[in-house]
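Listed below, chain by chain, are the residues.
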Amino acid sequence: MRVLLHAGVDISLPGGVETHLRELARCLTARGHDVDLYVRPVPYPPFRTVADFDPARYDVIHDHGYEWPRGLDVGGRYVRTLHFCVAAKMDTYVKLGRFQTLVNPANWRARARERAAIDRRGRVIAVSARVRDEFVRHHGLDPARAVVIPNGVALAKPAQGRAPWRAAHGIAPQTPVLLTIGRRDFVKGVALLTRAWGQVRSRVPDALWVMAGGDAHEARPGRLTTGPIPHAHVLEWIAAADVGALPSYYEGCSVALLEMLAGGLPSLAHDVGNAAEVIEPGQNGALMPRDAAAWTSALVAALGRGSPPRAPALGPEYGWEAIAARVEAVYVATAGTC
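Keep in mind that this is a model prediction, so the values were computed, not measured.

Assigned secondary structure in the protein chain consists of 11 helices and 12 strands. Taking 20 Å as the expected radius of gyration for a compact globule of 338 residues, we find that the protein chain reaches 21 Å, a close match to that expectation. Each principal axis of the C-alpha atoms in the protein chain carries an extent, and together these give about 60 × 45 × 35 Å. In the protein chain, of all internal contacts separated by at least 6 residues, the share reaching a separation of at least 24 is 63%. When the accessible area of the protein chain is evaluated, it comes to approximately 14800 Å², of which 55% is carbon and sulfur surface. Treating the 39 positive side-chain charges of the protein chain as one cloud and the 32 negative ones as another, the clouds have centres 4 Å apart.

Enumeration over the complete set of coordinates arrives at 21 salt bridges. Across the pair Arg26 and Glu23 runs a salt bridge, and its minimum N-O distance is 2.6 Å. Of the two residues, Arg26 and Glu23 are both situated in helix α1 (residues 16-30); the distance of 3 residues between them amounts to about one turn of the helix. Because the salt bridges share partners, they merge into one network encompassing Asp34, Asp36, Arg48 and Arg57.

With that out of the way, let us pick up the packing of aromatic side chains. This structure, assessed with the given rule, holds 8 aromatic pairs. Relative to Phe84, the ring of Tyr66 has its centre 6.5 Å away and its plane inclined at 70°; by these criteria the two rings are edge-to-face. Of this pair, Tyr66 sits in the loop between β3 (60-63) and β4 (78-82) while Phe84 sits in the loop between β4 and α2 (86-95), and the two are 18 residues apart along the sequence. Using a relative accessible area of 33% as the deciding quantity, one classes Tyr66 as partly exposed. Since its relative accessible area comes to 31%, Phe84 is described here as partly exposed. With a centroid separation of 5.2 Å and 80° between ring planes, the pair formed by Trp68 and Tyr78 is classed as edge-to-face. Remark: Tyr78 occurs in strand β4 and Trp68 occurs in the loop between β3 and β4; sequence separation between them is 10 residues.

Of the volumes computed, that of the second largest pocket is approximately 220 Å³. Forming the boundary of the second largest pocket are 14 residues, of which Ala156, Lys157, Pro158, Ala262 and Gly263 lie nearest the centre. The set of elements that each furnish at least two residues to the lining of the second largest pocket consists of α7 (231-240) and α8 (255-262). The biggest single contributor to the lining of the second largest pocket is α7, with 3 residues.

Take the pairing of strand β1 (residues 2-10) next. Among the 9 residues that make up β1, 7 are buried, leaving the element largely enclosed by the rest of the structure. Both β1 and strand β2 (residues 34-40) contribute to a ladder of 6 bridges, which runs parallel. Paired with Leu4 across the two strands is Asp36, which belongs to β2. Crossover connection from β1 via α1 to parallel β2: handedness right-handed. Pairing geometry for β1 and β3, over 4 bridges, is parallel. Paired with Val3 across the two strands is Val60, which belongs to β3.

Definitions and limits used
Residues numbered from 1 in each chain as written. Predicted model: local features only at pLDDT ≥ 70, side-chain atom pairs only at ≥ 80, totals over all residues. Heavy atoms only, no water. Helix = DSSP H or I, 4+ residues; strand = E, 2+ residues; numbered from the N terminus. Rg over C-alpha atoms; globule rule 2.2 N^0.38 Å. Contact = heavy atoms within 4.5 Å. Areas by Shrake-Rupley, 256 points an atom, 1.4 Å probe, with all protein chains shown as cover. Lys, Arg positive; Asp, Glu negative; His and termini not counted. Charge placed at Lys NZ, Arg CZ, Asp CG, Glu CD. Salt bridge = Lys/Arg side-chain N within 4 Å of Asp/Glu carboxyl O. Phe/Tyr/Trp six-rings, centres within 6.5 Å; stacked < 30°, edge-to-face > 60°. Buried < 20%, exposed > 50% of the residue type's maximum accessible area, 1.4 Å probe, protein only. 1 Å grid on protein atoms, 1.4 Å probe; cavity = no way out; pocket = protein on both sides within 12 Å on 5 of 7 lines; lining within 4 Å. Points joined across faces, edges and corners; volume = space filled by probe spheres on them. Pairing = 2+ DSSP bridges. Right-handed = clockwise from strand over helix to strand, strands pointing away.

By themselves, these are just geometric observations and shouldn't be taken as functional.
So this is what it looks like as structure tokens:
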């Protein structure tokens, strides 16, 4: 099958949509499909990225958002994955008092693009039931049109593991380690967690918060920001940590949360995206209110009792190969009706 993955993103970056595109392309190619990506940069080996495309060349055009060519109609060959809902994110920001979201023209343009996407003929994939329901509520999507297929995870094991990785970074075996994964951004809730962390450190003085990601490496008492790191190092930090956190105010389907849970890392998260679908309270983590005091109490309890046992890991149904097989089934159905 000839497939175009369409998105206006830079897939050299570590974000969730970018990861989704890379892994989906890799798995679909391994399954024998002919896959092009309309993304940046061009070229980007081993992926086949294109700066322009002829729609007639493809059996399926799989749109992942951002700019869609004006006036282009590919009929029933169109598949759209809903990674997030701008309208719902704006609503979340307003409820948090960030009213400037309402005067940002880019938000309204993005909101109009996502409404136009679901008006096109073709099939719809949502990365979580919550995202599907947000499009139903804000854009009138018929829920029967949408199949829910989450992001996946790399189920690989870390090459070094907990003890060697801690030793290599000067972290004592008994040091309680909190892990977050991703960039510093308001929507990621870093400011909320920072407020809680000062109180956590006053009660668990040797605790260390590792932020895997960020713009640059930075080390200070109780905090370590790694800066950009390869995915293999993310897996090492998941193995080396004691508790994971996703304090985001909004997510579609967090790859970071899935990877922490897949690594058996007990994780705390706000009830965003698919967190409620994958976190089983008391088993592999907890759903948190958006409150710094609640985060403080939960983190003190988790980090103050020594190294907690690893949680039950996510199953193989969350591996990228299984996710790609489900997407492939949507393609087969799409091509079969054209």
